[in-house]
Each structure stands twice: as C-alpha cells, then as structure tokens.
Amino acid sequence: MTSYRQRPDWLRRLNDFGPATAAPRSIVPLDPSELLASARETTGLQEIGDLNWIETFERRIRSIDEESNANLLGRFLARAETIRVLQTKLRLHEAWAREPAILEEPIERPIFVLGAPRTGTTILLELLALDPGLRAPIAWEAQHPLPFEGAEDKETRRRLAEAEHDLWMDIQPELATLHEMRADLPCECIHFLAMEFGGPYWAMHYKAPSFTAWAMTQPDILPRTYRFHRQFLQTLQYGNERKPWLLKSPGHLATPQGLFSEYPDAIAVHTHRDPQKFVGSAASTTALLHWLRSDDVDPKIFGQLALGGFSYMLNGVMDMRKTLELPDSQFVDSHYLDLIADPVAAIQRIYRLAGLEWPKGHDDRIRGYLRDKPKGKFGKHQYSLGEYGLNSQAIDEAYARYVEYYGVASEG
C-alpha cells in the first residue's frame, strides 16, 4: 500500500528485516504466557491479579500478535511495553500486600479534564497543574511509580522514562507537533491504565478487532479499570501530602458512567471546540499513533472513527447530562477560544464554577508558562480533511446537535 507518512531512514531499514526474513513474529514473539513469565522472573514476584484480569491480558496480547499487522518495531514496542507494565503491576500488588493502608487512602473530589482530542485538554491540564494545591500524575511516575532494583531514586526513574519518550520522537518526529512528549509533564490517565489491558492505551496503538468484540461482552472490565485507576492514585499519594487529583484523558468521554461510579464526587472540566478544527486533527493523531507501529494504516478508516466516534461520545455525554444520568452540576464547560483569548480569565472561571480557591500568584504562573511555551513551538501539524475521507459538510451534520447545545463558536 502507499506509504502513509515518511519514516526516518534508520527505521525503514530496521523494519525491512521483517519482510526480509518473512518471520517478524519469530524475531519478536508476543506470547502472553512467556511475557508474564518473564515479568515474574525479572521481578521475583508472582501476584498480579485475578483470573478475569489475566484472561483480558492474554486476549489483548494474542489479538495484537495475530491481527495488528505490526511491523518489526511495532512488535518490539508491544513486547517491551508489555513487560514493563507487567513488572510494574507485580510491584504494585507487592506494595499493596506489604502496606494495606495504601488502599485506604482517600481520593476526594478529583478533577477530570475531558474532551475530544485537539480541544485544548493538554494545555489546560498543564496550566491547571501549575497550582501548587493540586496534584497531577507526572509522565515518569506513570511509567515507574515505585522504586525497583537499579532505579531506587526518582531521578533514575525519570531518566528511564525520558529515554522512552525520546524514542517515540526519534521514531516519528511529527509527533512533537501534536503533543510535546516529556517525562516531567503531567500525563494522561491512559499511560498508567496501560496496566489494565482492557483500557484505552492499547487500542490507541494497535488493531485488535477480536479483542474489542470480546471485551464488549465483559461488563466487569470497565469497573475493574476505574478501580485500578483509584488504586494507582492511592499508591502515588501514600505518604505524601493529600491534594485534589488533576486528571485527563479523551478516553473518559467514552466511559463517563464508569468514571462517576468510581468517583461520585468528581468534577469534570469538559472542553469544547469547533469540530471543523478538531475532527480532522483527531483522525490524523490516531492514524499517526498506529503508523508509529504498523505499515497497515488506512487514513480514511481513522477519519470515519473520528467523525462518528467522537460525535457519538459527545452527544452521549450531552444527553446523559440533560437527563441527569450524569451529575450535570459537577460539570464545568470550557471553550477553546476562551482559553486562547484570555487564559487567566478562562481558568479563573473554571475555579469559580468548580468551587476552587484561586492561589496567590497563579496569574503570573500561567502567563510565564505560556510565554515559555508558545503555540506551535515544534512546528505546525499538517493534514487535510480529504486525506481522511472527510469534508466540512459531513462534520457539520455529525456535530450539529453538539455545537448548538453548547454554543460552540466557529473558528472560520
């Protein structure tokens, strides 16, 4: 098929080892039993979860192995990341058994930033996280939350996570125009939810249709994922000052009932933007993430997923807020154009509606951060709607109800 994007020469040559040997699955095997055995051997730990969780893990990995059409590098990343997250999950279970008080930590009134990709969720998370009275998970601790042999200190764990982030940029430099990848920045929930193989992380990177079909018949996956979400926050919080947690992921749009079931006192900061600006960009983002690991990428499929998927999720949240299936009073709506026009005023409004106290000096922190991180710092992400089988009329029709209900302004 036609190349979706250009690859660095070193990566193209490396991936050619797959077809050259006709055996990429032999070069980098993805056998769930062997991966789990490796994680147990390298940590010396055994307890990792119940049988239902193990079945979810095994089915996800088998589906990636057999259906994702991952290239050689994609298989390597799947193997390396799987071993890393299994090792971390083993260490977490050991910590919880050693210190049962960890799982008694109260997680009160967490704040979730949720919205479609490219609607300002990332910069809003980073600006909110400047508040010393709030606590966001940082990328390095999402990957390495607990000390382990050879990485007892936080700086070593931060350096190891930074190397992984830098590798993603080396593989696909274009990613930097979409999302700055740094180990010391606040991160999305998906990064630690990678340890729950029914969560969104793996779906963002690999096709696994048989797993997806099976997971839709397993009602225990969603509550288990959010239960682990809480347990992970409890682990980071244990022994430290308790602050309201600040969290973010577009994936929460798909599962808001699971979120509020686990966190009934949560505050949801819901971001909004002109769909003409975010739909094509969201399609490009998800296609690029799959292209990072596979040569089998049809951009038009990702265009339809962005068009239909996010309109379905946004309309679903809207309808559940209307009927109070979701607690509408615990939502704060934030519009992208307001955030860009006057960031301080937009965030002050969020604080007021969420019942948060504005911290002293926060105006200057926000302005200073934005001064040092101008929009387009790493260049402009280039894409066209036609590349993804999209057009303006189809976007207007799919998102008409959403735009009207929230009063989303056109960006021209």
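Refer to the structure presented above.
Overview of the structure. Residue numbers run consecutively from 1 along every chain, following the written order of its sequence. Per-residue local features of the predicted model are confined to residues with pLDDT of at least 70, and side-chain atom pairs are confined, for both listing and counting, to 80 or more; whole-chain, interface and lining totals are unaffected and use all residues. Hydrogens and water are ignored here; the side-chain numbers use all heavy atoms of the structure.

## With respect to the nonpolar core
Inference 1: Put simply, buried Ala, Val, Leu, Ile, Met, Phe, Trp, Tyr and Cys residues joined by side-chain atoms within 4.5 Å make one nonpolar core. For each residue, the accessible area found with a 1.4 Å probe, counting protein chains only, is set against the maximum for its type, and the residue is called buried under 20%, exposed over 50%, and partly exposed in between. Formed by 95 residues in total, the largest nonpolar core has its most connected members in Leu86, Leu175, Phe192, Phe197, Trp202 and Tyr399.
Inference 2: Put simply, DSSP H or I for four residues or longer makes a helix, DSSP E for two residues or longer makes a strand, and each gets a number counted from the N terminus. Examining the composition of this core, we find that 10 residues originate from one element, helix H6 (residues 72-98), more than from any other.
Inference 3: Note on contacts: a residue pair is in contact if any heavy atoms of the two residues lie within 4.5 Å. The residues touching Leu175, leaving out its near neighbours within four places in the chain, are Trp168, Met169, Leu288, Leu289 and Leu292.
Inference 4: Counting 20 residues, the second-largest nonpolar core is a separate cluster that includes Ile111, Leu246, Val332 and Leu339.

## Observations concerning the pattern of salt bridges
Inference 1: Here a salt bridge means any side-chain nitrogen of Lys or Arg lying within 4 Å of a carboxyl oxygen belonging to Asp or Glu. Under the definition given, this model contains 25 salt bridges.
Inference 2: Here Asp333 ties to Arg321 by a salt bridge, and the two come within 2.9 Å at their closest N and O atoms. With a gap of 12 residues between them, Asp333 in strand E4 (residues 331-335) and Arg321 in helix H17 (residues 299-322) connect regions that are remote in the sequence. With respect to class, Asp333 is no different from Arg321; both count as buried.
Inference 3: Linked by salt bridges that have partners in common, Lys89, Glu196, Asp220 and Arg224 make up one network.

## What about the sheet that holds E4?
Inference 1: As summarised here, the arrangement of the four strands in space is E2-E1-E3-E4, forming an open sheet in which the pairing is parallel. With one partner strand each, in any of the chains shown, strand E2 (246-248) and E4 form the two edges of the open sheet. Each strand axis lies, on average, 25 degrees off the axis of its neighbour in the sheet, ignoring direction.
Inference 2: Summarising the sheet, strand E3 (residues 267-272) and E4 pair through five bridges and their orientation is parallel. Among the inter-strand pairings, Ala268 is bridged to a residue of E4, identified as Phe331. Note on pairing: DSSP must find at least two bridges between two strands before they are called paired. Note on definitions: angles span 0 to 180 degrees between N-to-C directions of axes, and those axes are lines fitted to C-alpha atoms, for helices only across the stretch in contact.

## Here we look at the packing of aromatic side chains
Inference 1: Aromatic rings from Phe, Tyr and Trp, taking only the six-membered ring of Trp, are treated as a pair when their centres fall within 6.5 Å; an angle between ring planes under 30 degrees marks them as stacked, one over 60 as edge-to-face, and anything in between as tilted. As enumerated under the stated definition, the model contains 16 aromatic pairs in all.
Inference 2: Note on Phe211 and Trp214: the rings are 5.8 Å apart at their centroids and 50 degrees apart in plane angle, and the pair reads as tilted. Here the residue Phe211 and the residue Trp214 both occupy positions in helix H13 (residues 209-215), the gap between them amounting to three residues, near one helical turn.
Inference 3: Overall, Trp214 belongs to the buried group, its relative accessible area being 13%.
Inference 4: Plain terms: the ring middles of Phe228 and Phe232 are 6.2 Å apart, the flat faces sit at 40 degrees to each other, and that makes the pair tilted. Here Phe232 and Phe228 lie together in helix H14 (residues 221-237), a separation of four residues that amounts to about one turn.
Inference 5: Members of the aromatic cluster, each reached through a chain of ring pairs, are Trp53, Phe57, Phe197, Tyr201 and Trp202.
Inference 6: Working rule: Lys NZ or Arg CZ, within 6 Å of ring centre, within 35 degrees of ring normal, means a charge sits over the ring. For Arg7, the ring lying beneath its charged end belongs to Trp291, and the centroid distance is 3.6 Å.

## Let's talk about the side chain of Thr285
Inference 1: Summarising the element assignment, Thr285 is placed in helix H16 (residues 275-291).
Inference 2: Beyond its immediate sequence surroundings of up to four residues, Thr285 is in contact with Arg118 and Leu178.

## Some points on the pairing of strand E1 (residues 111-114)
Inference 1: Residues Ile111 and Val113 line one face of E1 and the alternating positions Phe112 and Leu114 line the opposite face, and both faces are buried.
Inference 2: As paired strands, E1 and E2 are joined by three bridges and run parallel to one another. Opposite Val113, over in E2, you have Lys248 as the bridge partner.
Inference 3: Note: E1 against E3, four bridges, orientation parallel. Considered in E3, the bridge of Leu114 is made with His270.

## Side note on the packing of helix H7 (residues 121-128) against helix H20 (residues 362-372)
Inference 1: Following both chains from N to C, one finds H7 and H20 inclined at 135 degrees, their axes separated by 10 Å at the closest point. Here H7 is positioned oblique relative to H20, judged by the angle of their axes. By crossing handedness, the relation of H7 to H20 is classed as right-handed. Of H20, the residues touching H7 (which contributes Ile123, Glu126 and Leu127) are His362, Ile366, Tyr369 and Leu370.
Inference 2: In the scheme used here, Gly and all other residues not listed as nonpolar or charged are polar, with Ala, Val, Leu, Ile, Met, Phe, Trp, Tyr, Cys and Pro taken as nonpolar and Asp, Glu, Lys and Arg as charged. Grouping the constituent residues of the contact of H7 with H20 by class yields five nonpolar, one polar and one charged. An angle counts as roughly parallel when it lies under 35 degrees, as roughly antiparallel when it exceeds 145, as roughly perpendicular when it falls between 65 and 115, and as oblique in every other case. For any helix crossing, the convention is left-handed if the near helix is rotated counterclockwise from the far helix by under a right angle, and right-handed if that rotation is clockwise.

Distances and angles like these do not, on their own, reveal function.
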